[in-house]
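Chain and residue survey
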Amino acid sequence: MLELKRTPFHERTSRLCLPQNWRRWAGHIVAGSYDLHLDREYWAIRDGVAAIDVSPLMKYIITGPDAARLLHKLTPRDVQKMAVGQVGYTGWCDEEGKLLDDGTISRLAEDTFRLTSAEPSLRWLSMNAVGMDVTITEVTEDVAALSLQGPKSRAVLNRCCAKTLDKLKYFKVMANTLAGKPVTISRTGYTGDLGYEIWIDKADALHVWDALMEAGADYGIVPCGILAMDMARVEAGLFMIDVDYTAANHAWIEGQKSTPLEMGLDWAVQLDKPGYFVGRRALEKEKREGSAWKLVGFEVDWEKMEPLFARVGLPPQIPGMAVRESLPMMQGDRQVGYASTSTWSPVLKKYIALVHLQRPYYEPGTALTMEVTVEHKRLQAPGKVVKLPFYEPEWKKK
């Protein structure tokens, strides 16, 4: 029988996961939540500091004289321009410009990079490295990853790191020592708040966990599962593979595939960079002609939704966690798209969704409706298209 793998933090997280709410992630089990309700974990991300085990992320070290050349060829980012210590978020595509996966590239040294991805990528990397002087090593099981998110995350790290985090800028990475153990720390995350990701040799994972819990005790540090993170990432306008898009190599039909431009990654598709990269011609064509679809935000008009529930004597019934379910988006009787993730936003006090809309309905301000279920009946709640992200605190990049 196939047994799901445990992360290097499992010895700690398993004792804390009181509701036994586990989720599958890339062949591992990770805590969905540590409480019966998500409130404490969610508000730790937004108001305090939350520790999230993100070890299942796939991780690759790419090194050698052609390391930058390989990543420059594979992604639409201008990797050749990345400085040592810089991190870049990117998607990567097939030749038709359809998304295969997305992740971050960290330039750890002149000829050394770390790539993270959601899906196994070793074969794709190796196929494109033929003839190059480069070594690709998967380190997924060797490197633990802990995401420390929230406005107090920097203060906690400064308590237990040898070097201050005060000067580590947004999307930069540094080598550091945490409670005597060597780590790298990137100012990145998946919540849209101030936050860091700590990359640790798996043998040191529990030592680092314990040190952070001790250092964070005065700040109310909270172990946080992926369900609260799911709500935060929707507020931040961040999408998820297999939820908000289907990898092109897993899609059954063309209609299930998406391009980075359709997913709103225009800023990460650098068509002015020199040379060939996989999918370039298709993306240049789409840029010239415009995208047929776009991922955008949608805010439900609460006051106009209330009467739908009031007719049956109920207040609005909104799930207390992110819902990964396709919901039709309509303009009148015409379906113009679908929502892929919807959630109640506690910090905004709004019902929001990541939605995929056909041209021209994706323009901000467009009035549409989204399906809601009221006492087993499917109705349409009014709202409007908005730009992403929904939420971006001023301290996120400071």
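Parameters and conventions
Residues numbered from 1 in each chain as written. Predicted model: local features only at pLDDT ≥ 70, side-chain atom pairs only at ≥ 80, totals over all residues. Heavy atoms only, no water. UniProt positions renumbered as here; feature names shortened; annotations may be inferred. Helix = DSSP H or I, 4+ residues; strand = E, 2+ residues; numbered from the N terminus. Buried < 20%, exposed > 50% of the residue type's maximum accessible area, 1.4 Å probe, protein only. Pairing = 2+ DSSP bridges. 1 Å grid on protein atoms, 1.4 Å probe; cavity = no way out; pocket = protein on both sides within 12 Å on 5 of 7 lines; lining within 4 Å. Points joined across faces, edges and corners; volume = space filled by probe spheres on them. Nonpolar A, V, L, I, M, F, W, Y, C, P; charged D, E, K, R; others polar. Contact = heavy atoms within 4.5 Å. Axes fitted to C-alpha atoms, helices over the stretch in contact; angles between N-to-C directions. Parallel < 35°, antiparallel > 145°, perpendicular 65-115°, else oblique. Left-handed = near helix turned anticlockwise from the far one by under 90°. Core = buried A, V, L, I, M, F, W, Y, C linked by side-chain atoms within 4.5 Å.

**Focus on the UniProt feature "domain: Aminomethyltransferase C-terminal" (unreviewed entry) in the protein**
With numbering matched to this structure, UniProt assigns "domain: Aminomethyltransferase C-terminal" (unreviewed entry) to residues 312-391. Secondary structure content for residues 312-391 is 0% helix and 55% strand, while the C-alpha to C-alpha distance between its ends is 33 Å.

**Describing the pairing of strand β3 (residues 28-33)**
In terms of residue burial, β3 counts as a mostly covered element, since 6 of its 6 residues are buried. The pairing of strand β1 (residues 5-6) with β3 spans 2 bridges and is parallel. Each residue of the ladder has a partner; that of Lys 5, found in β3, is His 28. The turn joining strand β2 (residues 21-25) and β3, which pair antiparallel and follow one another in sequence, is formed by 2 residues; a positive phi near 50° is taken by Ala 26.

**Remarks on empty space enclosed by the protein**
Following the criterion strictly, the structure yields 1 cavity of 30 Å³ or more and no others. In this structure, the largest cavity encloses a volume near 60 Å³. In terms of lining, the largest cavity is formed by Thr 13, Ile 29, Val 30, Ala 31, Tyr 34, Asp 53, Cys 224, Gly 225 and Ile 226. For the lining of the largest cavity, the per-class residue count stands at 6 nonpolar, 2 polar and 1 charged.

**Here's the deal with unusual backbone geometry**
With omega at 5°, the peptide bond leading from Arg 359 into Pro 360 counts as cis. Note that Pro 360 resides in the loop between β18 (350-358) and β19 (367-374). Residue Pro 389 follows Leu 388 across a cis peptide bond; omega there is 0°. Looking at the element boundaries, Pro 389 is found in the segment after β20 (377-386). For Asp 242, which is not a glycine, the phi torsion comes out positive at approximately 70°. Unlike most non-glycine residues, Glu 375 shows phi in positive territory, near 50°. Here Glu 375 shows up in the loop between β19 and β20.

**Description of the environment of Met 240**
Within the element layout of this structure, Met 240 appears in the loop between α7 (226-235) and α8 (280-289). A sequence separation of 101 residues divides Met 240 from Thr 341, and the C-alpha atoms of the two residues are 9.2 Å apart. Other than its neighbours up to four places away in sequence, Met 240 contacts Tyr 190, Asp 230, Arg 233, Tyr 245 and Arg 324.

**Overview of the packing of helix α5 (residues 153-160) against helix α6 (residues 205-216)**
It is the contact of α5 with α6, at a shortest axis distance of 9 Å, that shows an interaxial angle of 115°. The angle between the axes of α5 and α6 places the two elements in the roughly perpendicular class. Along this stretch, α5 crosses α6, giving a crossing that reads as right-handed. Residue-level inspection shows Val 156, Leu 157, Arg 159 and Cys 160 of α5 in contact with α6, the latter providing Leu 212, Ala 215 and Gly 216. A per-class count over the contact of α5 with α6 returns 5 nonpolar, 1 polar and 1 charged.

**Re the sheet that holds strand β16 (residues 327-331)**
Note: strands within a sheet are paired through backbone hydrogen bonds, in either parallel or antiparallel orientation. Read around the closed barrel, 6 strands run β15-β18-β17-β16-β19-β20, paired in antiparallel fashion. Ignoring which end each strand starts from, the neighbouring axes of this sheet average 45° apart. Across 8 bridges, β19 lies against β20 in antiparallel orientation. For Leu 368, the partnering residue across the bridge sits in β20 and is Gly 383. Across the sheet, α7 lies against β17 (334-345) and β18, angled at about 125° from β17, the strand it touches most.

**Regarding the nonpolar core**
Core analysis: the biggest nonpolar cluster contains 31 residues, and Leu 148, Leu 157, Leu 178, Ile 185, Ile 198 and Leu 212 have the highest contact counts within it. Residue contacts for Leu 212: discarding those within four places in its chain leaves Leu 146, Leu 148, Val 156, Leu 157, Cys 160, Leu 178, Ile 198 and Ile 221. If you look at the next biggest cluster of nonpolar residues, it comprises 23 residues, including Tyr 42, Ile 52, Val 139 and Val 143.

**As for the UniProt feature "domain: GCVT N-terminal" (unreviewed entry) in the protein**
Per the UniProt entry, the sites bearing "domain: GCVT N-terminal" (unreviewed entry) are residues 36-273 in this numbering. This span, residues 36-273, is 23% helix and 28% strand, and a straight line between its end C-alpha atoms measures 49 Å.

**Regarding the layout of surface pockets**
In this model, the second largest pocket occupies a volume close to 260 Å³. In this structure, the second largest pocket is lined by Trp 92, Leu 100, Asp 101, Glu 119, Pro 120, Ser 121, Arg 123, Trp 124, Met 127, Ala 247, Asn 249 and His 250. Among the secondary structure elements, those contributing two or more residues to the lining of the second largest pocket are β7 (99-109) and α4 (122-128). Its residues placed into classes, the lining of the second largest pocket shows 6 nonpolar, 3 polar and 3 charged.

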